[in-house]
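Summary of the model geometry
One letter stands for each residue in the lines below.
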Amino acid sequence: MLRFILSRLLQAIPVLLVVITVTFFLVRFAPGGPFDGERKVDPSVLKALEAQYNLDQPLMSQYFSFLGDLVQGDLGPSFKYPGRSVNELIGAGFPITAELGIYAILVALLIGAIAGVFSALKPNSARDYISMSTAMIGICMPAFLLGPLLILIFGIWLEWLPVSGWGDLPGDKILPSVTLGAVYAAYVARLSRGGMLEVLSQDYIRTARAKGLPEHVVILKHGLRAGMLPVVAYLGPAFAGILSGSFVIESVFQIQGLGRFYVLAAFNRDYTLIMGCTVFLATLIIVFNLLSDVLSAYLNPRLRSQLGGK
Amino acid sequence: MTASNSTLNQTSTMNDIEQFESGNSLWHDAWVRLRKNKLALVSLFVLIFIGVICLLTPWIAPYGYEQQDLALGASAPSAAHWFGTDTLGRDLLTRVMYGGRVSLAVGLIATAVALTIGVTWGAIAGYTGGRVDAIMMRLVDIIYALPFMIFIVLLMVVFGRSLLLLFLAIGAVEWLTMARIVRGQVQTIRQLEFVEAAISIGLSKAAIIRRHIIPNALGPVIVYTTLTIPNVMLLEAFLSFLGLGIQPPESSWGVLIANGVESMEEYPWLLIFPGLALSIVLFSLNFLGDGLRDALDVRASKD
Amino acid sequence: MNINIKASLIHTHLKQAVRLLLITVSVLAIVSCGTRETRVEEGNRLGIFHVENSAEPQSIDPHVSTGVPENNIMVALYEGLVAKHHETLEPIPGIADRWEISEDGKTYVFHIRDNAKWSNGDPITAEDFHWSWSRALDPKMGNQYAYMLFPIKNAEPFATGKLDNFDDVGVRVISEKVLEVELENPIPYFLQLLDHHAAYAVHKDSILEFGEKTDRFSKWTRPGNMITSGAFRLKDWKIYKVLKVEKNPYYWDKESVSLNEIHFYPIENFSTAERMFRVGQVHKTFEIPLNKVDVYRQESPEKFRNAPYIGTYYYQFNLSRPPFDNIKVRQALSLAIDRDTINQSVMYGIVEPAYSLTPPGAAGYQPPKLIEFNPEKAKKLLAEAGYPNGEGFPDVELLYNTNESHRKLAVAVQQMWNKHLGINVQLLNQEWKVYIASRNNLDYDIARAGWIGDVVDPINFLDLGLSSNGNNRSAYDNPEYDKMILETIPQSQTHEERLANFAKAEEMILTDLPFVPIYTYKTKYLLDPSVKGLSPNFLDHYGYKHVTLGN
């Protein structure tokens, strides 16, 4: 197992290198530079600015000096916000996005698992359809529609919850978490429904029933554990997806998270911030995919022996 | 795994594509099972209905696409304008119909791109195996590690916007899962008797892939395709939200919704109708996909 | 089978769980909110002004920063040698309590008031301004607004690296509190420039403590490090969340400051900002979303502020590309735009139709109204240009940057040209930076543009047409016009003569029409009625020190 993890980590290095290289040159070739604005920048001023940001160096040497700094863990200063380093910005944005992501996953698990199990008990019934439809709202409606709708209902009509912010006013974390969680609830519901359907037809469930165990014990104790296996395997990629896809939620609710930094950086041509976020998120995605592989291998005895033997 | 094996056992008896297409117990069973799923069936009909309307739009739309009435402005649904008008006095029904064409086209074409790349890639990797497989799948991992949304945003920013690019960009992102699924299927199928038999009688690799492997991996591919279309349509909507989507005066449901959200309290119809249109299609596609998954007895490996 | 019966047992369990969850959420919601006082009400009680400020400030170093949101914060943190009256914008004493101007209008002597202090209690001296301006003009600084100081003698050669010694620049420290400034040419609006952020003094010791003089990446602008000269000082700054300033206890005029704190919130999304305003989370928004205009106008007009603002929204032609090298084509397109309808139907009447490039009223200037809507004449001119009824008119694109109101306006204009001239113009929207690059590289046919004045003077608009102006971006090159702006106008002897020359220049540029004015901007934001003393003015300059809160 350790060797498996180590070799996967080693393989991650060339992957990261490719991601970095592609992004680096992609953003440099985007039309418009970091200092372009409504007012044309005087050429002499532009020269001074480029010198301060090392943009006057040849592109390749900029690339290698970026890699050099990266190895030392220095992502450089932000282009758009000169007083701030990219490390600092990521440090400020990531915990918030991560918190949002964790709550969203919890919401997704709660809604998705309930709906999935509920509908698996009686497939193709009205109950199945209704619970699956509810769970699927998040993937049948763009988040930039669901978010404002929830705000309108709970923030403006009912005045129960704040309309924006994160950790600012009490209760302001509820709506963003629900909105983001709704997207993933659908997948969780789908997976747990499928998982449960499969498990419920297995021999050992029949055995358990034959032994005369109460049905809810059979389902909750035996069925649920195995039925949730695909959900667990899904959590890693889901969390990684949430981290890079939380932009819409962060924008609608004006949350100061990493997703918002990232997309705004792309629009601002904040070269260093784009690179920093890319490296950081790509690393996270790789790690989470690895974690979820390890976890599902660990939970699945058949695969575990395979890995152990490698 | 066990479930898909049973599927394969049934199909492994056929070794001819004509026979495969001419109908057999598997597809017949699937159809019977799908018919039991009323929601999936209703979804199928809804999709056909909306598809036909969108196809016929240029002939049946009540107004001209760009026809404005600045003096009228935004007006609520009425006999003259069933869905109301937008702030420039344009008929919303017409715009929703035309927008549907774009949204569905984006969904279908981008999915087709993803399908083509993904299936080819996955089939080659899975069939060839060994080092080629390792390299090809490593590439897939690399692209997986790119933060997708940002990748697309960057692409759209760098290369400007065109419909074609939009299709390609979205397709380029969505093929990955397809490649993985197909590769897994192909690897399993490849080891089955009838394929080995084909190899032994000297059929070329391409012919084997085309005639044996692809048809047999079709089930999961169909299911996944049905579920990719709504993803793509949502992605298009997301790009519209960022202002990177379709160019005006062209429109898509995503664009209409993004605009409608801004005025959802003043002119709710501008949000409700395009929102309903998109949601209904997405619901239908998802239910149809799930229904097909149940009917074809497919377990998606990663979704 | 009994599975169904058993299964329904599970359902009741699940149902209970769901019910419990719903109850918890509702209780939480009700407890957390209910009738709690809003942030605005709390702000009124504590003297905290909550301002929605559109974007995260890029920097609050006055020699680095460039945008309007940044400026809105810096006017609280700093004061210029000369300040602006918060209503009339007339120059009034700021850090300097008096000044003398020489007969020839070229030499200014400023006397810094005795009680002018930095926010840490250090006295503000003439040397501070001397050092700050040497920083603002330092070529290494990369200050995009350095040109605001170019009227000072030798400032431009120094800033562009042609002159190395700052001693040759026309700024001299006469004594601790007296500063002499020598200009290249007498210009009537020089005092106004001193209230621009490029001319603010910055605190030397704290800057040098945290980095080099011209270091853009320095941490001197952080809370705890930053020392400023204005009515407020930096208290807290959380990126993308809030920037807080508090009353400066060392400010010379602290008695007139009523607010204890101002909190600036960076909210890019106007709709979100409006919702925050509606539920009492902010006192003021940066801008009202277009769709909300009618609602506020009908239901609470007292909250909607719509006042004249010194800015022009225009379409510009790329004169280096046919058919826009033909003056008749440009005139025809301008004549076919119905600006009144645009204002009423597209912009909900919150702007003014523009009939000139310069907004009327700048420094007492009333520009001639040479723009009209005349489809007949437009058709005739287009025919004369060789495109009768739009026949044979090439495929051209109208470029704008991604934004809802630009889009709406472009769609409307596209239709007007189609209807009145029979030409079909394609729309092209580009994301902001791409749009800027396209305009800079003259890679467009027709482009949307906007210009907001830095100072209240017509020259600020009319010099857009200079062939040498980087902001021209239309390839318009008229030597006669250049001569008018560069020679005739500066040599005007009296204010009246100067205004008359402006009118002549305006006439020239409105005949040539490299720029087609569409509308004159007005400020359009929401303001809670509890905010008093935030006077509307032409530059949308906020005199926070006159603001009071209360009902």
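Our structure's up above, just so we're on the same page.
Given the structure is predicted, the values throughout are model-derived calculations rather than measurements.

Calculation criteria
- Residues numbered from 1 in each chain as written.
- Chains lettered and ligands numbered in written order.
- Predicted model: local features only at pLDDT ≥ 70, side-chain atom pairs only at ≥ 80, totals over all residues.
- Heavy atoms only, no water.
- Helix = DSSP H or I, 4+ residues; strand = E, 2+ residues; numbered from the N terminus.
- Buried < 20%, exposed > 50% of the residue type's maximum accessible area, 1.4 Å probe, protein only.
- Contact = heavy atoms within 4.5 Å.
- Areas by Shrake-Rupley, 256 points an atom, 1.4 Å probe, with all protein chains shown as cover.
- Axes fitted to C-alpha atoms, helices over the stretch in contact; angles between N-to-C directions.
- Parallel < 35°, antiparallel > 145°, perpendicular 65-115°, else oblique.
- Left-handed = near helix turned anticlockwise from the far one by under 90°.
- Nonpolar A, V, L, I, M, F, W, Y, C, P; charged D, E, K, R; others polar.
- Salt bridge = Lys/Arg side-chain N within 4 Å of Asp/Glu carboxyl O.
- Polar contact = N/O pair within 3.5 Å; in protein donor to acceptor, adjacent residues only side chain to side chain.
- Buried area = accessible area lost by both parts, 1.4 Å probe.
- Pairing = 2+ DSSP bridges.
- Core = buried A, V, L, I, M, F, W, Y, C linked by side-chain atoms within 4.5 Å.

**Quick look at the overall build of chain B**
Broken down by element type, chain B carries 13 helices and 0 strands. The secondary structure elements of chain B, listed N-terminal to C-terminal, are α-α-α-α-α-α-α-α-α-α-α-α-α. The 303 residues of chain B split such that 57% are buried. Contacts in chain B between residues at least 24 apart in sequence constitute 73% of all its contacts with a sequence separation of at least 6. When the accessible surface of chain B is split by element, carbon and sulfur atoms take 66% of a total near 12,300 Å².

**Points about the packing of helix H1 (residues 2-29) of chain A against helix H3 (residues 59-71) of chain A**
Geometry of a packed helix pair, given as the angle between the helix axes and the separation of the axes. Residues and elements named next belong to chain A. It is at 12 Å that the axes of H1 and H3 come closest, and there the two elements cross at 135°. For the element pair H1 / H3, the angle class is oblique. For the pair H1 and H3, the crossing hand works out as right-handed. Contacts between H1 and H3 involve Leu 17, Ile 20, Thr 21, Phe 24, Phe 25, Arg 28 and Phe 29 from the former and Leu 59, Met 60, Gln 62, Tyr 63, Phe 66, Leu 67 and Leu 70 from the latter. Grouping the amino acids of the contact of H1 with H3 by side-chain chemistry returns 11 nonpolar, 2 polar and 1 charged.

**Some remarks on the environment of C:Pro188**
Residue and element names in this part refer to chain C. Among the structural elements, Pro 188 can be located in the loop between strand S7 (178-182) and helix H6 (190-193). A relative accessible area of 57% places Pro 188 in the exposed class. Once the C-alpha coordinates of Pro 188 and Val 279 are considered, the two residues, 91 residues apart in sequence, prove to be 46 Å apart.

**As for the interface of chain B and chain A**
Counting residues at the interface gives 47 residues for chain B, matched by 51 residues for chain A. Taken together, the connections running from chain B to chain A amount to 1 salt bridge. Among the salt bridges present, the one from A:Arg190 reaches B:Asp290, with a minimum N-O distance of 2.8 Å. One can count 6 residue pairs in polar contact (both at pLDDT 80 or more) joining chain B with chain A. For the side of chain B that touches chain A, the secondary-structure elements that each account for two or more residues are helix H4 (38-60), helix H6 (130-145), helix H7 (148-159), helix H11 (218-241), helix H12 (253-262) and helix H13 (269-296) of chain B. A per-class count over the side of chain B that touches chain A returns 29 nonpolar, 7 polar and 11 charged.

**Describing the interface of chain C and chain A**
On the side of chain A, 61 residues touch chain C, which itself brings 68 residues to the contact. Around 5,900 Å² of area is buried between chain C and chain A when both sides are counted, 59% of it from carbon and sulfur atoms. Among the residues of chain C in contact with chain A, C:Phe217, C:Tyr240 and C:Lys433 are the three that bury the most area, contributing 13% of the side total. Where chain C touches chain A, the interface holds 3 salt bridges. Here C:Glu268 and A:Arg260 are joined by a salt bridge, their closest N and O atoms 2.7 Å apart. Looking at the side of chain C that touches chain A, the elements with two or more residues in it are helix H1 (3-32), helix H8 (270-278), helix H14 (432-440) and strand S16 (446-452) of chain C. Element by element, the count of residues in the side of chain C that touches chain A is highest for H1(C), at 14 residues. Class assignment of the residues belonging to the side of chain C that touches chain A gives a composition of 31 nonpolar, 19 polar and 18 charged.

**Quick look at unusual backbone geometry**
Peptide bonds are trans in most cases, and residues, glycine excluded, mostly fall at negative phi. Here the amide bond leading from C:Pro322 into C:Pro323 is cis, since omega sits at 5°, within 30 degrees of zero. Here C:Pro323 shows up in the loop between strand S12 (308-317) and helix H10 (327-335). One non-glycine residue, A:Glu159, lies in positive phi territory at about 55°. Of note, A:Glu159 is situated in the loop between helix H6 (143-157) and helix H7 (174-200).

**Some thoughts on the sheet that holds strand S6 (residues 171-175) of chain C**
All names here are of chain C. With antiparallel pairing, 4 strands are arranged side by side in an open sheet as S4-S5-S7-S6. A single partner strand is all that each edge strand has here, and the edge strands are strand S4 (96-101) and S6. Shown here is a sheet whose adjacent strand axes are inclined to one another by a mean of 20°, direction ignored.

**Concerning the nonpolar core**
All names here are of chain C. Ranked by size, the top nonpolar core spans 290 residues in total, and within it Trp 133, Tyr 315 and Trp 417 carry the most contacts. Non-local contacts of Trp 417, meaning those with residues more than four positions away in its chain, are made with Tyr 315, Leu 333, Ala 336, Ile 337, Leu 398, Gly 422, Ile 423, Val 425 and Ile 446. In this structure, Ile 73, Met 74, Leu 234 and Val 547 belong to the second largest nonpolar core, which totals 35 residues.

**Section: the sheet that holds strand S17 (residues 515-522) of chain C**
All names here are of chain C. Pairing in this open sheet of 6 strands is mixed, and the strands run S13-S17-S12-S16-S14-S15 from one edge to the other. The open sheet is flanked by strand S13 (352-353) and strand S15 (425-430), the only strands paired with a single partner. Relative to S16, strand S14 (residues 396-401) runs parallel, the two being bridged by 2 bridges. Looking at the pairing, Leu 399 lines up with Ala 447 of S16.

**Observations concerning the pattern of salt bridges**
Taken as a whole, this structure holds 38 salt bridges over all chains when the rule is applied. For C:Arg278, the salt bridge goes to B:Glu265, with nearest N and O atoms at 2.5 Å. Of this pair, C:Arg278 sits in helix H8 while B:Glu265 sits in the loop between H12 and H13, which puts the two residues in different chains. On the basis of relative accessible area, C:Arg278 is assigned to the partly exposed category, the value being 32%. Of the charged contacts in the structure, one is a salt bridge between C:Asp236 and C:Lys238, with a shortest N-O distance of 3.1 Å. Assessed through its relative accessible area of 40%, C:Lys238 is described here as partly exposed. Here the salt bridges do not stand alone but share partners, grouping B:Glu265, B:Glu266, C:Glu274, C:Arg278 and C:Lys292 into one network.

Geometric values such as these leave the question of function open.
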